[in-house]
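# Understanding the architecture of this molecule
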Amino acid sequence: MSDIVLEVDGLVAGYGTVTVVHHVSLSVPRESIVSIIGPNGAGKSTLLKGVYGLVDVSEGRVLFRPATGDEVELTGLRPDQITAAGINYVPQLANVFPNLTVLENLEMGAVLSRETMDERLEVVHELFPLLDDRRQQRAGTLSGGQRQMVALGRAMMTDPELLILDEPSAGLAPQVIDEVMDLLVEINRRGVSILMVEQNARRSLAMSDLGYVLETGRNRLEGEGSTLLEDPAVVDLYLGG
Ligand SMILES: Nc1ncnc2c1ncn2[C@@H]1O[C@H](COP(=O)(O)OP(=O)(O)OP(=O)(O)O)[C@@H](O)[C@H]1O
Ligand SMILES: [Mg+2]
């Protein structure tokens, strides 16, 4: 068993004829947290979408190595096939169904047998007790932080080995950011690897085993989260001097 759960190797991705991600490579060690930071428009979301089968990939490979079973080449697979392989993804925006209740949102997370559904609901409700309390409330009437928990809970319904998260703290109040980040650490402690994009560079690097800095669609810097936090270039550009 390799200790790398996800390997992105020279990925080139974009929208039709527009290339946004240029030969980007990264690795996610098994059961680690890895953050990608970089300026607006650097291609961070596009990179995640390339991994999850949502945009055109013209070169490079994405390999997923589940804890048991064979390595899976994700390049060319559809998002539902990637989820079935053991990965789930939470997009930057529009990540809940606002007109559905909290419970319906969770149940939309996966096509599962009733028995498996109940088991997963139990796990998700244990992680996010609020989602149990608010099960009958429409997701669109929740606060931003509560909606983010619905989105994370829904992703956890498929029992993923790897979660891919696009700016889980976007738009949240500082105190709520702490709550969401603490939950991510708890999810990771339960053995789920996390690859996330974050604007909140200081907070995300501090909790990450590895960090990658992306600029204009290219790898710019990489290293241990704690090392990048002290890297003068990172401090200068992303941590406010
Ligand atoms: N659907 C699309 N069609 C064409 N170009 C797009 C599309 N989505 C994004 N782009 C372009 O791709 C580039 C990178 O966008 P992307 O959303 O990946 O950046 P990002 O690093 O996630 O930025 P942010 O920090 O603002 O979320 C931008 O120039 C953007 O205009
Ligand atoms: Mg983005």
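Residues numbered from 1 in each chain as written. Chains lettered and ligands numbered in written order. Predicted model: local features only at pLDDT ≥ 70, side-chain atom pairs only at ≥ 80, totals over all residues. Heavy atoms only, no water.

## Focus: the pattern of salt bridges
- Counting across every chain of the model gives 15 salt bridges.
- For Arg61, the salt bridge is made with Glu73, and the minimal N-O distance between the two is 3.5 Å. Here the residue Arg61 occupies a position in strand E4 (residues 56-64), and Glu73 occupies one in strand E5 (residues 72-73), the gap between them amounting to 12 residues.
- Overall, the relative accessible area of 38% leaves Arg61 in the partly exposed class.
- The shortest N-O distance in the salt bridge between Glu71 and Arg65 comes to 2.8 Å.
- Residues joined in a network through salt bridges with shared partners are Glu126, Glu186, Arg189 and Arg190. (Salt bridge = Lys/Arg side-chain N within 4 Å of Asp/Glu carboxyl O. Helix = DSSP H or I, 4+ residues; strand = E, 2+ residues; numbered from the N terminus. Buried < 20%, exposed > 50% of the residue type's maximum accessible area, 1.4 Å probe, protein only.)

## Points about the sheet that holds strand E7 (residues 162-166)
- Spatially, the six strands line up as an open sheet ordered E6-E7-E8-E3-E9-E10, and their pairing is mixed. The open sheet terminates on both sides in strands that have one partner only, identified here as strand E6 (87-90) and strand E10 (218-224). Along the sheet, successive strands turn relative to each other by an average axial angle of 15°, direction set aside.
- Strands strand E3 (33-37), E6, E7, strand E8 (193-197) and strand E9 (210-215) of the sheet are contacted by helix H1 (residues 44-51), whose axis makes an angle of about 150° with E7.
- On the sheet, helix H6 (residues 144-156) packs against E6 and E7 and is oriented at approximately 165° with respect to E6. (Pairing = 2+ DSSP bridges. Axes fitted to C-alpha atoms, helices over the stretch in contact; angles between N-to-C directions. Contact = heavy atoms within 4.5 Å.)

## Examining the nonpolar core
- If you look at the biggest cluster of nonpolar residues, it comprises 34 residues, and the most contacted ones within it are Phe128, Leu131, Leu163, Leu165, Leu184, Ile187 and Ile194.
- The residues touching Phe128, leaving out its near neighbours within four places in the chain, are Met149, Leu152, Gly153, Leu183 and Ile187.
- Counting residues in each nonpolar core, the second largest holds 29 residues, with Val34, Leu74, Tyr89 and Leu195 among its members. (Core = buried A, V, L, I, M, F, W, Y, C linked by side-chain atoms within 4.5 Å.)

## What about the packing of H6 against helix H7 (residues 174-189)?
- Contact pair H6 / H7: the axes reach a minimum separation of 10 Å and the direction vectors enclose 15°. On the basis of their axis angle, the class for H6 and H7 is roughly parallel. In the packing of H6 onto H7, the handedness of the crossing is right-handed. Together, Gly145, Gln148, Met149, Leu152 and Met156 of H6 and Val176, Glu179, Val180, Leu183, Leu184 and Ile187 of H7 make up the contact between the two elements.
- Within the contact of H6 with H7, the residues separate by chemical class into eight nonpolar, two polar and one charged. (Parallel < 35°, antiparallel > 145°, perpendicular 65-115°, else oblique. Left-handed = near helix turned anticlockwise from the far one by under 90°. Nonpolar A, V, L, I, M, F, W, Y, C, P; charged D, E, K, R; others polar.)

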